[in-house]
Amino acid sequence: MTHTQKFLLLAVLGLIPIALMYGLVPSVTLPFLFDIDASPTNVSHIFRAVMGLYLALAVYWLMGAFGTQQMARSALQSLIVFMWGLGLGRAISMAIDGIPNGILIFYLLLEIGFGVVGIMLIKNDDNRVKQVE
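Residues numbered from 1 in each chain as written. Predicted model: local features only at pLDDT ≥ 70, side-chain atom pairs only at ≥ 80, totals over all residues. Heavy atoms only, no water.

Asker: Break down the environment of Gly23 for me, with residues and values.
Answerer: Here Gly23 shows up in helix H1 (residues 3–23). Judged by its relative accessible area of 0%, Gly23 is buried. If we skip the residues at most four places from it in the chain, Gly23 touches Phe47, Arg48 and Met51. (Helix = DSSP H or I, 4+ residues; strand = E, 2+ residues; numbered from the N terminus. Buried < 20%, exposed > 50% of the residue type's maximum accessible area, 1.4 Å probe, protein only. Contact = heavy atoms within 4.5 Å.)

What follows is the structure in C-alpha cells.
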C-alpha cells in the first residue's frame, strides 16, 4: 500500500466521526460541542446535508485508497481541495466573526496540515514518475 493510499485511509478514519458528530444526532452533539441549538428543522437539515457531503467524500477517498493509482491521485486532489476549502472558510470566519472554540481551531490546523501533506504526496509521486522516465 502506498503512502497516498494510507493517507487517504487516515483521512477517512478522521472524517467519518466528524461527519457523524455533525449530522447523526445534531440535537445532542451540536449543543454539547458548539453551543448550537439544533432543534429548528432547518439547522438539523443543514448539518445532516454536511454529514452527507463528508460521507460522500469519505467514500470517494476509500475508492482512491483501494483503486488504481490514477484514482488515488484524483481522490488525493479532492482531499486537498476539500481540506483547504474548509480551512479558507474558517479563516474568513475568524477574520469576520472572531475566534471560535478550541475544537474548531484544531480542525483548522488539521485541515491545513492535511492539505500540505496531500501536496507533498503529489509532488513525491510526480518526482517518482520523472525518475522512471
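Asker: Outline the packing of aromatic side chains, supporting the account with residue identities and numerical values.
Answerer: In the structure shown here, the tally under the stated rule is six aromatic pairs. Relative to Phe82, the ring of Tyr54 lies with its centre 5.2 Å away and its plane at 85°, an arrangement referred to as edge-to-face. In this pair, Tyr54 sits in helix H3 (residues 41–66) while Phe82 sits in helix H4 (residues 69–97), placing the two residues 28 residues apart along the sequence. For Tyr54, a relative accessible area of 5% translates into the label buried. Relative accessible area serves as the criterion here: at 10%, Phe82 is assigned to the buried category. Taken together, the ring pairs connect Tyr22, Phe34, Phe47, Tyr54, Trp61 and Phe82 into an aromatic cluster. (Phe/Tyr/Trp six-rings, centres within 6.5 Å; stacked < 30°, edge-to-face > 60°.)

Asker: Which residues make up the nonpolar core, and what values go with them?
Answerer: Nonpolar side chains in soluble globular proteins generally cluster together in the buried interior. With 30 residues, the main nonpolar core has Leu8, Tyr22, Tyr54, Trp61, Leu79 and Phe82 as its most contacted residues. For this core, the secondary-structure elements that each account for two or more residues are H1, helix H2 (26–34), H3, H4 and helix H5 (102–132). Residue contributions to this core peak at nine residues, all from H1. With residues near it in sequence (within four places) discarded, Tyr22 still touches Leu30, Phe34, Phe47, Val50, Tyr54, Arg90 and Tyr107. (Core = buried A, V, L, I, M, F, W, Y, C linked by side-chain atoms within 4.5 Å.)

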